[in-house]
Amino acid sequence: MNSPLEDADRKYIWHPFTQMKEWEQGHPVIIERGEGPFLISIDGQRYLDGVSSLWVNIHGHAKKEINDAITAQLGRIAHSTLLGLSNVPAIQLAERLADLLDPALSHIFYSDNGSTAVEVALKMAFQYWKHKGEDGRNSFLALNNAYHGDTLGAVSVGGVEIFHHAFGPLLFKTFRAPSPYCYRCELGRERAECDFACLDAMEEQMRGHQGGIAAVIVEPLVQAAGGMIVSPPGYLKGVRDLCTKYGILMIADEVATGFGRTGQMFACGHEGVVPDIICLSKGITGGYLPLAVTVTTDEVYSAFLGEFRDLKTFFHGHSYTGNPLGCAAALACLDIFEKEKVIEGLAPKVELFSKLLREMAGLQHVGDVRFRGLMAGVELVRDKATKEPYAWEEKIGWRVALKALEKGLFIRPLGNIIVLIPPLSITMDELRRMLGIIRDSIEEAL
Ligand code: PMP
């Protein structure tokens with residue numbers, strides 16, 4: 001017999017990225033509580049949260065310090081607007097973030113999720129050039145396999161065919177460069193000899209459309225939703241150098257990679273790259289509340305300064321911009337990073353994670369294993385020698401995910417790619433358990 005909650009879920013909730021006909025035929029796991037890296041369902045089952053509740057959770061669920069910070073803030077005020085007012089935690093967080101980021105990035109624009117952080121970045125870059133008197137810069141340069149969110153601007157610069165194709169007629173034109181997807185190089189090259197041919201292709205686009213491109217947008221080091229595609233060392237720096245050479249703004253979308261996921265606080269740090277605009281969300285609140293920031297430089301910010309009648313104002317803002325509860329959670333999240341020396345403590349976990357992942361590369365249907373920090377993608381293939389993929393309709397990733405769920409691990413694959421992004425607080429034992437379940441699930445499902 002179904003529980004009343006299960007019936008009500010089927011009747012009323014339209015789940016995201018979900019074929020609801022299939023959903024209605026299944027039995028949803030309904031989560032009631034969380035504890036560290038575990039999700040606990042209404043019937044008391046415990047599931048390791050292998051994807052940090054869609055890549056947001058950092059220090060585990062029900063973390064006392066974050067709970068307390070939100071509760072304390074609730075006693076003061078839950079929300080007041082940044083349109084015409086300021087608020088205490090929003091100011092404190094802006095200052096903390098500016099300290100954490102490169103000194104060049106110090107102007108913080110709040111919004112409430114990754115997609116809006118990207119929308120803000122796109123509009124900011126576009127309008128920056130208008131204010132500079134360059135009216136022709138009406139396009140962006142983005143990568144194939146990019147994913148920057150689901151709002152229409154973010155989809156316009158996205159490049160994941162299966163998600164984005166249907167909306168084609170609604171999107172603005174975007175120039176494209178190849179994805180740094182070495183396992184399936186679009187240019188047919190091998191990494192050992194390619195000499196970054198993908199950057200040459202990017203440069204060609206820049207050269208050809210120099211006066212028409214407002215900004216290049218990239219996901220630093222890992223193209224996450226496009227398939228956990230890890231760019232080769234030096235690629236990101238190469239993008240930065242090209243942006244500088246051609247006088248094009250660089251937007252780093254660190255919505256997925258920010259806050260320690262790649263082993264450093266921000267992925268850009270690995271290659272000493274300072275973008276002109278950075279987008280942060282997801283882990284910013286430790287995965288507790290929706291909050292995002294788009295951070296930029298003096299150069300971009302000051303182009304918007306003028307008299308009111310100049311109409312240089314950045315006309316953008318959301319109801320929950322700078323939400324005090326979210327900012328309080330984010331401050332507590334940053335305190336934990338400091339107090340528990342989270343980044344410093346990642347190295348042994350990253351080492352174990354990479355070792356276990358490398359071992360998995362030996363499995364018959366594992367074509368490629370790629371990882372950076374505690375982010376990983378395991379690409380399943382029908383034929384390892386030819387790299388022949390499974391047809392997407394076969395839902396191979398889902399078959400593995402269902403097995404994993406039976407064994408107490410929740411993951412959400414991307415097509416044929418098994419995605420692993422555990423909370424940074426996961427222990428070595430839990431990491432072993434997670435990778436063990438993945439290994440068994442792949443063997444059983446295929
Ligand atoms: N950018 C990147 C790199 C992302 O991975 C995501 C979400 N997966 C987004 C933007 C969009 O974030 P949100 O879902 O919070 O709108």
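Thresholds, definitions, all that
- Residues numbered from 1 in each chain as written.
- Predicted model: local features only at pLDDT ≥ 70, side-chain atom pairs only at ≥ 80, totals over all residues.
- Heavy atoms only, no water.
- Near = heavy atom within 4 Å.
- Polar contact = N/O pair within 3.5 Å; in protein donor to acceptor, adjacent residues only side chain to side chain.
- Areas by Shrake-Rupley, 256 points an atom, 1.4 Å probe, with all protein chains shown as cover.
- Nonpolar A, V, L, I, M, F, W, Y, C, P; charged D, E, K, R; others polar.
- Core = buried A, V, L, I, M, F, W, Y, C linked by side-chain atoms within 4.5 Å.
- Buried < 20%, exposed > 50% of the residue type's maximum accessible area, 1.4 Å probe, protein only.
- Helix = DSSP H or I, 4+ residues; strand = E, 2+ residues; numbered from the N terminus.
- Pairing = 2+ DSSP bridges.
- Patch = residues over 30% accessible without salt bridge, like charges linked within 9 Å, V, L, I, M, F, W, Y side chains within 5 Å.
- Salt bridge = Lys/Arg side-chain N within 4 Å of Asp/Glu carboxyl O.
- Axes fitted to C-alpha atoms, helices over the stretch in contact; angles between N-to-C directions.
- Lys, Arg positive; Asp, Glu negative; His and termini not counted.
- Left-handed = near helix turned anticlockwise from the far one by under 90°.
- Contact = heavy atoms within 4.5 Å.

Caption draft 1: A look at the site of the ligand. The ligand sits among W55, N113, G114, S115, Y147, H148, G149, E219, D253, V255, A256 and K282. Contacts to the ligand include N113, whose side-chain N or O atom sits 3.2 Å from an oxygen atom. Measuring from a nitrogen atom of the ligand, one finds a side-chain N or O atom of K282 at 3.0 Å. A total of 390 Å² of accessible area belongs to the ligand in isolation, and the protein chains cover 84% of it. Partitioning the shell around the ligand into residue classes produces 4 nonpolar, 5 polar and 3 charged.

Caption draft 2: Structural context of the nonpolar core. Ranked by size, the top nonpolar core spans 105 residues in total, and within it M202 and F259 carry the most contacts. Here the element with the most residues in this core is helix 13 (residues 324-339); it accounts for 10 residues. Within the second largest apolar cluster, 27 residues are counted, among which are L122, A292, V300 and F304.

Caption draft 3: The pairing of strand 14 (residues 375-383), seen in detail. A large share of strand 14 lies buried, amounting to 7 of its 9 residues. Pairing of strand 13 (residues 366-372) with strand 14 involves 6 bridges; the strand directions are antiparallel. The residue of strand 14 that forms the bridge with R372 is M375. Counting the residues that bridge the hairpin from strand 13 to strand 14 gives 2 residues, and of these G373 lies at a positive phi of roughly 60°. Strand direction decides the pairing type here: strand 14 and strand 17 (residues 417-420), joined by 4 bridges, are antiparallel. By the bridge assignment for strand 17, V378 is matched with I418.

Caption draft 4: Spatial organisation of a nonpolar patch on the surface. A cluster of nonpolar residues, L152, F167 and L170, forms a patch on the protein surface that exposes about 290 Å² of accessible area. Mapping L170 onto the fold places it in the loop between helix 8 (161-164) and strand 6 (174-177). On the basis of relative accessibility, which here comes to 57%, the residue L170 falls in the exposed class.

Caption draft 5: Spatial organisation of the sheet that holds strand 5 (residues 139-143). Spatial ordering of the open sheet is given by 4-12-11-10-7-5-6, a layout of 7 strands whose pairing is mixed. With one partner strand each, in any of the chains shown, strand 4 (107-111) and strand 6 form the two edges of the open sheet. In this sheet, neighbouring strand axes are inclined to one another by 20° on average, regardless of whether the strands run parallel or antiparallel. The pairing of strand 11 (residues 277-280) with strand 12 (residues 292-296) spans 4 bridges and is classified as antiparallel.

Caption draft 6: View of the side chain of R261. Structurally, R261 can be placed in the loop between strand 10 (249-253) and strand 11. No salt bridge is formed by the buried R261; the nearest opposite charge belongs to D49, separated by 8.5 Å. Side-chain polar atoms of R261 contact the backbone oxygen of N57, separated by 2.7 Å. A polar contact of 3.2 Å, which involves the side chain of R261, links it to the backbone oxygen of P422.

Caption draft 7: Spatial organisation of the packing of helix 4 (residues 64-76) against helix 13. Between helix 4 and helix 13, whose axes approach to 8 Å, the crossing angle comes to 150°. Between helix 4 and helix 13 the crossing geometry is right-handed. Residues E65, I66, A69, I70, Q73 and L74 of helix 4 form the contact with helix 13, whose participating residues are P324, L325, A328, A329, A332, C333, I336 and K339.

Caption draft 8: Layout of the pattern of salt bridges. Considering all chains together, one arrives at 25 salt bridges under this definition. Ionic pairing is found between E340 and K63, a salt bridge with its closest N-O pair at 2.9 Å. In this pair, E340 sits in the loop between helix 13 and helix 14 (346-360) while K63 sits in the loop between helix 3 (52-55) and helix 4, placing the two residues 277 residues apart along the sequence. Looking at K63, the relative accessible area reads 16%, which means it is buried. Note that K339 and E65 form a salt bridge whose closest N and O atoms lie 3.2 Å from each other. Placement of the pair is K339 in helix 13 and E65 in helix 4, with a sequence separation of 274 residues. Judged by its relative accessible area of 29%, E65 falls in the partly exposed class. Connected through shared salt-bridge partners, R184, D368, R370 and E379 make up one network.

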